[in-house]
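# Descriptive structure summary
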Amino acid sequence: MTRTASFAQSIEAGVAPRPPAMPLIGHFLAFNRDRAGFLSDLAREYGDVVEFRLGLDRFFLLSHPDYVRDVLITHEASFHKGRALTRAKRLMGEGLLTSEEAFHLRQRRLMQPAFHRQRIATYANTMVERTARLANEWQDGAEVEMRSEMTRLT
């Protein structure tokens, strides 16, 4: 699929690549074993738009920034949160991650100033310093559980 083609049209037409999946559970085992590795492998092997299943739920991995921008900004009104995020509202409340439409837009606009390019630049030194401090704690040759380390860093 070319980048000029609409990924949404490809999804609707059923032409997004689909790696082989296990009956009923889909790609759950591979995803659960190594989420980042699984998603990286999908993008590398199948391209910018890939369909995969976790259980009976269908998901689409968009690996090109233009497609991500289309979903999150250009055509955001055309896309809705999935069942998992709808259920997460009960636990997390109506936040930026779980809200939709006008409420989401209002929340996003409230957050936007914190992510302005100039504001981010003021955070850069702190982010670099904290990252270096964490990396200095690691021992040469030691294995590091990156998920927990990145959670710690953030």
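Anything mentioned here points back to the structure above.
Because the structure is predicted, anything quoted here is derived from the model rather than measured.

### Overview of the pairing of strand S1 (residues 49-54)
With five of six residues buried, S1 lies mostly within the body of the structure. Across six bridges, S1 lies against strand S2 (residues 57-62) in antiparallel orientation. The partner of phenylalanine 52 across the bridge, within S2, is phenylalanine 59.

### A closer look at the nonpolar core
Formed by Phe31, Phe38, Leu42, Val50, Phe52, Leu54 and Leu61, the largest nonpolar core amounts to seven residues. Every element with two or more residues in this core is listed here: helix H3 (35-46) and S1. In terms of residue count, the dominant contributor to this core is S1 (three residues). When residues no more than four places from it in sequence are discounted, the contact partners of phenylalanine 38 are His27, Ala30, Phe31 and Phe52.

### Quick notes on the packing of aromatic side chains
Per the counting criterion, the structure on display carries four aromatic pairs. Plain terms: the ring middles of phenylalanine 31 and phenylalanine 38 are 5.9 Å apart, the flat faces sit at 85° to each other, and that makes the pair edge-to-face. Like phenylalanine 38, phenylalanine 31 is buried. Here a set of aromatic residues connected by ring pairs shows up, and it is made of Phe31, Phe38, Phe52 and Phe59.

### A word on the environment of glycine 55
Structurally, the position occupied by glycine 55 is in the loop between S1 and S2. A sequence separation of 29 residues divides glycine 55 from glycine 26, and the C-alpha atoms of the two residues are 5.2 Å apart. Aside from chain neighbours lying at most four places away, what touches glycine 55 is Leu24, Ile25 and Gly26.

### Some remarks on unusual backbone geometry
Across residues other than glycine, the phi torsion is negative in most instances, and most of the peptide bonds are trans. Despite not being glycine, leucine 24 shows a phi value in the positive range, around 70°. With respect to the helices and strands, leucine 24 occurs in the loop between helix H1 (7-13) and helix H2 (28-33). With a relative accessible area of 63%, leucine 24 lands in the exposed category. Here glutamate 101, not a glycine, exhibits a phi torsion of approximately 55°, which is positive. For glutamate 101, the location among the structural elements is in helix H6 (residues 101-111). Exposure remark for glutamate 101: the relative accessible area of 55% places this residue in the exposed category.

About the thresholds
- Residues numbered from 1 in each chain as written.
- Predicted model: local features only at pLDDT ≥ 70, side-chain atom pairs only at ≥ 80, totals over all residues.
- Heavy atoms only, no water.
- Buried < 20%, exposed > 50% of the residue type's maximum accessible area, 1.4 Å probe, protein only.
- Helix = DSSP H or I, 4+ residues; strand = E, 2+ residues; numbered from the N terminus.
- Pairing = 2+ DSSP bridges.
- Core = buried A, V, L, I, M, F, W, Y, C linked by side-chain atoms within 4.5 Å.
- Contact = heavy atoms within 4.5 Å.
- Phe/Tyr/Trp six-rings, centres within 6.5 Å; stacked < 30°, edge-to-face > 60°.

In short, the description is geometric, and any link to function would need to be established separately.
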